[in-house]
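Take a look at the letters that make up each chain.
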Amino acid sequence: ASVTVNPAFNGAANPNLAGQHAEYIAAQLAAFKSGARANPIMMGMSAALSPEDMRNVGAYFSQQAPKPAAAAKDAAAAKRGQQIWRAGIKETQVP
């Protein structure tokens, strides 16, 4: 089966698979195909893939360079988030 992919695409609902472990990707595709992992879109995309195709897709994405994380657009919100992550919010009992 032929697959057209863009490893740099990272839409809100689509994970960026660039740099992911090949074995993990192949295993997830197999899980979608078998129905062990339910997602109508991915089940359809994986339906025609052979185990070799799944390994090839995994190998392709594993060789792609991950896209660097984007910088926070709101520095104050990023700083507050870091403070919450480190210390929580005592007054609202967030650990």
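K.L.:
I tried to follow the overall build of the chain on my own but got confused; where do I start?
P.N.:
The secondary structure content of the chain amounts to 4 helices and 0 strands. Mapped in sequence order, the helices and strands of the chain form the string α-α-α-α. Burial analysis of the chain (95 residues in total) assigns 20% to the buried set. Of the contacts formed within the chain by residues at least 6 apart in sequence, a portion of 55% connects residues at least 24 apart. Total accessible area on the chain stands at roughly 7300 Å², and carbon and sulfur atoms take up 58% of it.

K.L.:
Explain the packing of aromatic side chains to me, please; I cannot follow it from the model alone.
P.N.:
Applying the stated rule across the entire model yields 1 aromatic pair. Geometrically, the ring pair formed by Tyr60 and Phe61 is edge-to-face, given 5.3 Å between the ring centres and 75° between the ring planes.

K.L.:
How should I be thinking about the nonpolar core in this particular structure?
P.N.:
Core analysis: the biggest nonpolar cluster contains 7 residues, these being Ile25, Ala26, Leu29, Leu49, Met54, Val57 and Phe61. Put simply, the parts of the chain that give this core at least two residues each are α1 (22–34) and α3 (51–62).

K.L.:
What is the right way to look at unusual backbone geometry in this model?
P.N.:
Most peptide bonds adopt trans geometry, and most residues besides glycine take a negative phi value. Even without a glycine there, the phi angle at Gln93 is positive, about 60°. With respect to the helices and strands, Gln93 occurs in the segment after α4 (75–87).

K.L.:
It is not clear to me how the environment of Tyr24 should be interpreted in this structure. Could you clarify?
P.N.:
Position of Tyr24 relative to the elements: it lies in helix α1. Residues Tyr24 and Arg55, 31 residues apart in the sequence, show an inter-C-alpha distance of 9.5 Å.

K.L.:
It is not clear to me how the packing of α1 against α3 should be interpreted in this structure. Could you clarify?
P.N.:
Describing two packed helices takes the angle between their axes plus the distance from one axis to the other. The N-to-C vectors of α1 and α3 enclose an angle of 140°; their axes lie 7 Å apart at closest approach. It follows from the interaxial angle that α1 and α3 lie oblique. Along this stretch, α1 crosses α3, giving a crossing that reads as right-handed. For the pair α1 and α3, contact is made by Ala22, Ile25, Ala26, Leu29, Ala30 and Lys33 and by Met54, Arg55, Val57, Gly58, Ala59, Phe61 and Ser62, respectively. The class makeup of the residues in the contact of α1 with α3 is 9 nonpolar, 2 polar and 2 charged.

Rules of the game
- Residues numbered from 1 in each chain as written.
- Predicted model: local features only at pLDDT ≥ 70, side-chain atom pairs only at ≥ 80, totals over all residues.
- Heavy atoms only, no water.
- Helix = DSSP H or I, 4+ residues; strand = E, 2+ residues; numbered from the N terminus.
- Buried < 20%, exposed > 50% of the residue type's maximum accessible area, 1.4 Å probe, protein only.
- Contact = heavy atoms within 4.5 Å.
- Areas by Shrake-Rupley, 256 points an atom, 1.4 Å probe, with all protein chains shown as cover.
- Phe/Tyr/Trp six-rings, centres within 6.5 Å; stacked < 30°, edge-to-face > 60°.
- Core = buried A, V, L, I, M, F, W, Y, C linked by side-chain atoms within 4.5 Å.
- Axes fitted to C-alpha atoms, helices over the stretch in contact; angles between N-to-C directions.
- Parallel < 35°, antiparallel > 145°, perpendicular 65-115°, else oblique.
- Left-handed = near helix turned anticlockwise from the far one by under 90°.
- Nonpolar A, V, L, I, M, F, W, Y, C, P; charged D, E, K, R; others polar.

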